[in-house]
Amino acid sequence: MKKIRQISLALGSAAVLGIMGVANAQDLVVVSWGGAYTASQQKAYHEPFMANNPGVNIINDDSAADGISKLRAMNEAGNVTWALVDAVASDAIILCEEGLAEPIDHDAMLAPAPDGTPASEDFGDLVVSECFIPQIVYSTTFGYRTDLVKEPPTSIKDVFDLGKIPGKRALEKRPIGNLEWALIADGVDPDQVYDVLDTEEGVDRAFAKLDTIRDEVIWWEKGAQTPQLLADGEVVIGSTYNGRLFSVIEEEKQPIAMLWDWQVFDLDGWIIPVGGPHREIVEEYLRFATDTQRLADQAKFISYGPARKSSAPLVGKHASLGIDMSPHMPTDPANAKNTLLYNYVWWADRKDDLTERFNAWLAQ
């Protein structure tokens, strides 16, 4: 589903009163991932919150991808300016383990479900860290140009088949996802992918498979890049977040289709940086932005599944297109025939080492 949505809350005590109706405009800088995702947050969370709290002005910052390194630097400098950060689950685990994210009492801080179910039960096992507040389930998968491929791809193996689908590909400039797909395309049982990657031979095998298409790859770092590359015809197939592909297909009406085979499920949510400012305002925002209705509302603008169980029945039609959003969710049965659950715990332990090796491989 990944730059960190910063919320650098420059809010004073007057802003605390502003939540109760005292107007004193203060900036709330939200660090997010940009593009269609930030737009969905703006419409579902930020604008309603600002309407209810005229003393708060939310400003978006698309720095989420650099969240870990920037929070480490802020902490070392003793100057943490972010009050709230949007992070993928593996990054949240790392930040929590390093003492850079605040532990959360989910039931005390967050709203219960409409039937009274405590927040921790409503989110269930998606609460993968005591510092993590889940928002959405998303997937990283592939889009392809319907007019530029002679034979539509049907499996992840086709991404690595330059004979069947010649032309440029777009892959994310990181090992996560790419190593798993490489092994599946090379014949590894998807249930055994992480066991194979636990060995040096398995990692070598994954990089060897990536070598077979390396010269035809354009590497992306922001989710908006692949949809643009596809729209411009610079690549014929490329990976990105499913919500980005939904936007370019359904909203922009580009000749692009989805390849859902072995989409990689992931989680995205909030963490509160240790030492960040104005905790009271942050908690007010989080209680509002993560309640059952707000998470369902986000699905009106982007095809990511809400993390609360109680939100799922409330997912309806797209706010402007009027189309049913359920068939566009990565969790829809028609789309989820072959899915890989991203192992955020495994990657939290190995991300730094494999990223170093991946960067060295790219530099060869």
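Source: prediction; values computed, not measured.

A. The arrangement of the overall build of the protein chain in detail. When helices and strands are tallied, the protein chain shows 14 helices and eleven strands. Radius of gyration (C-alpha) of the protein chain: 20 Å, near the 21 Å computed for a compact globule of 364 residues. When the accessible area of the protein chain is evaluated, it comes to approximately 14400 Å², of which 48% is carbon and sulfur surface. Taking the average place of the 31 positive charges on the side chains of the protein chain and the average place of its 55 negative ones, the gap between the two points comes to 6 Å.

B. Highlighting the pattern of salt bridges. For the coordinates displayed, the defined rule picks out 19 salt bridges. Between Arg145 and Asp147 there is a salt bridge; the shortest N-O distance is 2.8 Å. Judged by relative accessible area, Asp147 falls into the partly exposed class, the value being 46%. Linking Glu250 and Lys253 is a salt bridge whose minimum nitrogen-to-oxygen distance equals 3.9 Å.

C. Broad picture of the layout of surface pockets. Considered as a void within the structure, the second largest pocket measures approximately 260 Å³ in volume. Taken together, 14 residues form the lining of the second largest pocket, with Gly305, Pro306, Ala312, Met329 and Thr331 sitting closest to its centre. A per-class count over the lining of the second largest pocket returns eight nonpolar, three polar and three charged.

D. Highlighting the domain arrangement of the protein chain. What the domain assignment reports for the protein chain is domain 1 (2-137 + 267-328) and domain 2 (138-266 + 338-363). One C-alpha centre belongs to domain 1, the other to domain 2; they are set 27 Å apart. Taken together, the 29 residues of domain 1 in the interface contact 18 residues of domain 2. Taken together, the two surfaces of domain 1 and domain 2 that pack against each other cover about 2000 Å², and 58% of this comes from carbon and sulfur. Counting every contact that joins domain 1 to domain 2 gives two salt bridges. Asp91 is paired through a salt bridge with Lys351; the nearest N and O atoms lie 2.6 Å apart.

E. Fine view of empty space enclosed by the protein. The space that makes up the largest cavity amounts to roughly 100 Å³. Taken together, Tyr138, Thr140, Glu172, Arg174, Ile176, Gly177, Asn178, Trp181, Ser239, Val264, Asp266 and Tyr342 form the lining of the largest cavity. In the lining of the largest cavity, the residues fall into five nonpolar, four polar and three charged.

F. Spatial organisation of the nonpolar core. Ranked by size, the top nonpolar core spans 87 residues in total, and within it Leu197, Tyr285 and Leu286 carry the most contacts. Broken down by element, this core gets its largest block of residues, seven residues, from helix α14 (residues 344-363). Counting 18 residues, the second-largest nonpolar core is a separate cluster that includes Trp220, Tyr241, Val248 and Ile302.

G. Layout of unusual backbone geometry. Phi at Lys253 takes a positive value of approximately 55°, unusual for a residue other than glycine. Residue placement: Lys253 occurs in the loop between α11 (242-251) and β9 (256-271). Residue Lys253 is classed as exposed on the basis of its relative accessible area, which comes to 58%. The backbone of Trp262 sits at a positive phi, close to 55°, despite the residue not being glycine. Inspection of the secondary structure assignment puts Trp262 in strand β9. Under the relative-accessibility criterion, Trp262 is labelled buried at 17%.

H. Geometry of helix α7 (residues 178-185). Burial analysis of α7 places eight of its eight residues in the buried class, which makes it a mostly covered element. Those residues of α7 not exposed but buried are Asn178, Leu179, Glu180, Trp181, Ala182, Leu183, Ile184 and Ala185.

I. Layout of the confidence of the model for the protein chain. When the pLDDT values of the protein chain are averaged, the result is 89; 93% of them are 70 or greater. In this model, residues 1-23 is a region of pLDDT below 50 whose contacts with residues beyond four sequence positions or in other chains number 106 contacts.

J. Structural view of the packing of helix α9 (residues 200-211) against α14. Relative orientation of the contacting elements α9 and α14 amounts to 35°, with a least axis distance of 12 Å. For the element pair α9 and α14, the recorded crossing hand is right-handed. Contacts from Glu200, Val203, Asp204, Phe207, Leu210 and Asp211 of α9 reach α14 at Leu354, Arg357, Phe358 and Trp361. Looking at the contact of α9 with α14 residue by residue, the class counts come to six nonpolar, no polar and four charged.

K. Spatial organisation of the packing of α7 against α9. Orientation of α7 relative to α9, taken along the N-to-C sense of each, is 85°, at an axis distance of 8 Å. Comparing the axis directions of α7 and α9 gives the class roughly perpendicular. Contacts between α7 and α9 involve Asn178, Leu179, Ala182, Leu183 and Ala185 on the former and, on the latter, Gly202, Arg205, Ala206, Phe207, Lys209 and Leu210. The residue inventory of the contact of α7 with α9, partitioned by class, reads seven nonpolar, two polar and two charged.

Rules used in this analysis
Residues numbered from 1 in each chain as written. Predicted model: local features only at pLDDT ≥ 70, side-chain atom pairs only at ≥ 80, totals over all residues. Heavy atoms only, no water. Helix = DSSP H or I, 4+ residues; strand = E, 2+ residues; numbered from the N terminus. Rg over C-alpha atoms; globule rule 2.2 N^0.38 Å. Areas by Shrake-Rupley, 256 points an atom, 1.4 Å probe, with all protein chains shown as cover. Lys, Arg positive; Asp, Glu negative; His and termini not counted. Charge placed at Lys NZ, Arg CZ, Asp CG, Glu CD. Salt bridge = Lys/Arg side-chain N within 4 Å of Asp/Glu carboxyl O. Buried < 20%, exposed > 50% of the residue type's maximum accessible area, 1.4 Å probe, protein only. 1 Å grid on protein atoms, 1.4 Å probe; cavity = no way out; pocket = protein on both sides within 12 Å on 5 of 7 lines; lining within 4 Å. Points joined across faces, edges and corners; volume = space filled by probe spheres on them. Nonpolar A, V, L, I, M, F, W, Y, C, P; charged D, E, K, R; others polar. Domains from an automatic or database assignment. Contact = heavy atoms within 4.5 Å. Buried area = accessible area lost by both parts, 1.4 Å probe. Core = buried A, V, L, I, M, F, W, Y, C linked by side-chain atoms within 4.5 Å. pLDDT = per-residue confidence, 0-100. Axes fitted to C-alpha atoms, helices over the stretch in contact; angles between N-to-C directions. Left-handed = near helix turned anticlockwise from the far one by under 90°. Parallel < 35°, antiparallel > 145°, perpendicular 65-115°, else oblique.

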